[in-house]
Amino acid sequence: MIKNKLIIVLGAGESGVGTAVLAAKQGFDVFVSDFGKIKDDYRNILINKNISFEEGSHNRVLEIMKNVGKETASIEVVKSPGIADSVPIIKSLREKGIPVISEIEFAGRYTNAKTICITGSNGKTTTTMLTYHILRNAGYNVGLAGNVGKSFAMQVAEDNFDYYVLEISSFQLDGMYSFRADIAIITNITPDHLDRYDYKFQNYVDSKFRILQNQTENDFFIFWAGDSTVANEIEKRGTNIKARKIPFDLTSQTDNVPNYAFVDGKDIIFNNLTNKLFLEMETNNLPLKGNHNLYNSMAAGLASQVAGVSKDAIRRSLETFEGVEHRMEYVATVRGVRYINDSKATNVNSCWYALQSMTTPVVLILGGTDKGNDYSDISELVSDRVHHLIFLGVDNDKLIKFFGSHRNKEGKKIPYSEARSMEECVQQAYKVAQNGDTVLLSPCCASFDLFNNYEDRGRQFKEAVRRL
């Protein structure tokens, strides 16, 4: 007997369980499958909602696939962004013609809320949180979702927001087809996650630009005009980009094209949609320091302006935002040494920004799961600012090969050490750091060799520092 459409959810984390709850609410048959062990909180939600699931294997999913057309009229699969397209079960599903989509694609079908969608290699979390901070402080009925906050699908199921601010990774974009962003932001694009993209940078760029798909002339595309990768891709795509372009940069013009936000002396300038002065404020009043945070502030300010937020509300929120945990987060000063948690720096470019903002000698902690990194981008900054390297990971061979004979600007070899736990790492840093130094955890790598995620890595770092 043919049943209702079946939604199979692969992965029972925040994204997957939210999707399952929304699918059940919409009247679908739902089955959740997680190859690992489901956390108790998520398992309890599934049980309380009477949603069927399996854990420790995908055996039931494989059985369902054998009976496509017999057990169900149609199947659609929503997968966790952490599951690569290359894993066997995803390949098998696609070979059978079964659609595989992302949580963002699925949840977007069941809300009429306006969406502000942010992607990029770096700065997307800060830009997302800052945009949400501005809209919420301005009194908007707004949700925060995607890579941050509660899952988009769960909020669509249980809340009724007018706006969503969504941080969207390339992995989520890969599973989006019909979803449309009202306002799309690309902060920048630098090589990252190349292990998921056949080590081809263009594949990764193409993934990021999926955030523009389905946009119309009534939508908006906000971007950093000074990013050569983004600028070149915009030129290549030409009239295929339908949305109105809203560039920003440190200068008032980039390649003779006016920017809608820029820096003029000590002031940050926001222009309106007719490119006339909308808001002027001193950069010194921004609590987030560094050029990278000027970019984040410009992107968030422009998005908020497009969404109709007043200039006074934007100003107040930009002046009160306190930053994002695990991103250049001050932890403590011990014996005259500052400890900074930048665990969210999971790629080389993020580490570059962190090092570029340092004004003291640095003990730099690198390491984790390498994603095809090219460390040459930080080579000069390491020589200029780092006096000791600590490699924190299960396998540090690539780091040792690249930095093992690295020399500082005086031509002296920069010493390094290895650690296999955060406690050991922080103790090593404590021994080699000198009064006036900064110990910087900015790993360049994913965290999955020794930690659950970058949050776990950052929390362990902070706990170890506070025990000094």
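Data block above holds the structure.
If you're wondering where the values come from, they're calculated on a predicted model, not measured in any experiment.

Along the protein, the regular secondary structure elements total 17 helices and 22 strands. Taken over C-alpha atoms, the radius of gyration comes to 23 Å for the protein, in line with the 23 Å a tight globule of 468 residues would show. Seen along its three principal axes, the alpha-carbon backbone of the protein occupies a region of about 75 × 55 × 40 Å. Put simply, the protein has 468 residues, and 56% of those count as buried.

Our focus in this paragraph is the packing of aromatic side chains. Each aromatic ring pair is summarised here by two numbers: the centre-to-centre distance and the angle between the ring planes. The tally for this structure, following the rule as stated, stands at 17 aromatic pairs. Ring geometry for W352 and Y353: centres 5.3 Å apart, planes at 85°, overall edge-to-face. A relative accessible area of 10% places Y353 in the buried class. Members of the aromatic cluster, joined through ring pairs, are Y375, F391, F402, F403 and Y416. Residue placement shows R196 over the ring face of F171; its charged tip is 3.6 Å from the ring centre. Over the ring of Y177 we find R210, and its NZ or CZ is 5.2 Å from the ring centre.

Turning our attention to the sheet that holds strand β17 (residues 329-334). Spatial strand order, β17-β18-β22-β19-β20-β21: six strands in an open sheet with mixed pairing. The open sheet is flanked by β17 and β21 (416-419), the only strands paired with a single partner. This sheet shows a mean twist of 20° between the axes of neighbouring strands, independent of strand direction. Alignment of strand β19 (residues 362-366) against strand β20 (residues 386-392), held across five bridges, turns out to be parallel. Considered in β20, the bridge of V363 is made with H388. The sheet contacts of helix α16 (residues 422-432) involve β17, β18 (337-341), β19, β20, β21 and β22 (438-441), and relative to β20 the element is tilted by about 165°. Packed on one face of the sheet, helix α17 (residues 454-466) meets β17, β18, β19 and β22 and runs near 20° to β17.

As a further point, take the side chain of N122. Residue placement: N122 occurs in the loop between β6 (114-119) and α6 (124-137). If sequence neighbours within four positions are ignored, N122 has contacts with T187, N188, T190, N347, N349, S350 and Y353.

Right, let's talk about the sheet that holds strand β3 (residues 52-55) for a bit. Pairing within the open sheet is parallel, and its five strands lie in the order β3-β2-β1-β4-β5. At either margin of the open sheet sits one strand with a lone partner, and together these are β3 and β5 (100-101). Inspection of the sheet shows strand β2 (residues 29-34) paired to β3 by four bridges, in the parallel sense. In the sheet register, D34 faces β3, and the bridge partner there is E55.

Looking at the secondary structure, you find D255 in the loop between β12 (253-254) and β13 (257-258). Given a relative accessible area of 70%, D255 falls into the exposed group. Spatially, the C-alpha atoms of D255 and A225 are 8.9 Å apart, while their sequence positions differ by 30 residues.

Scoring rules and cut-offs
Residues numbered from 1 in each chain as written. Predicted model: local features only at pLDDT ≥ 70, side-chain atom pairs only at ≥ 80, totals over all residues. Heavy atoms only, no water. Helix = DSSP H or I, 4+ residues; strand = E, 2+ residues; numbered from the N terminus. Rg over C-alpha atoms; globule rule 2.2 N^0.38 Å. Buried < 20%, exposed > 50% of the residue type's maximum accessible area, 1.4 Å probe, protein only. Phe/Tyr/Trp six-rings, centres within 6.5 Å; stacked < 30°, edge-to-face > 60°. Lys NZ or Arg CZ within 6 Å of the ring centre and 35° of its normal. Pairing = 2+ DSSP bridges. Axes fitted to C-alpha atoms, helices over the stretch in contact; angles between N-to-C directions. Contact = heavy atoms within 4.5 Å.

The values are spatial; any link to function lies outside them.
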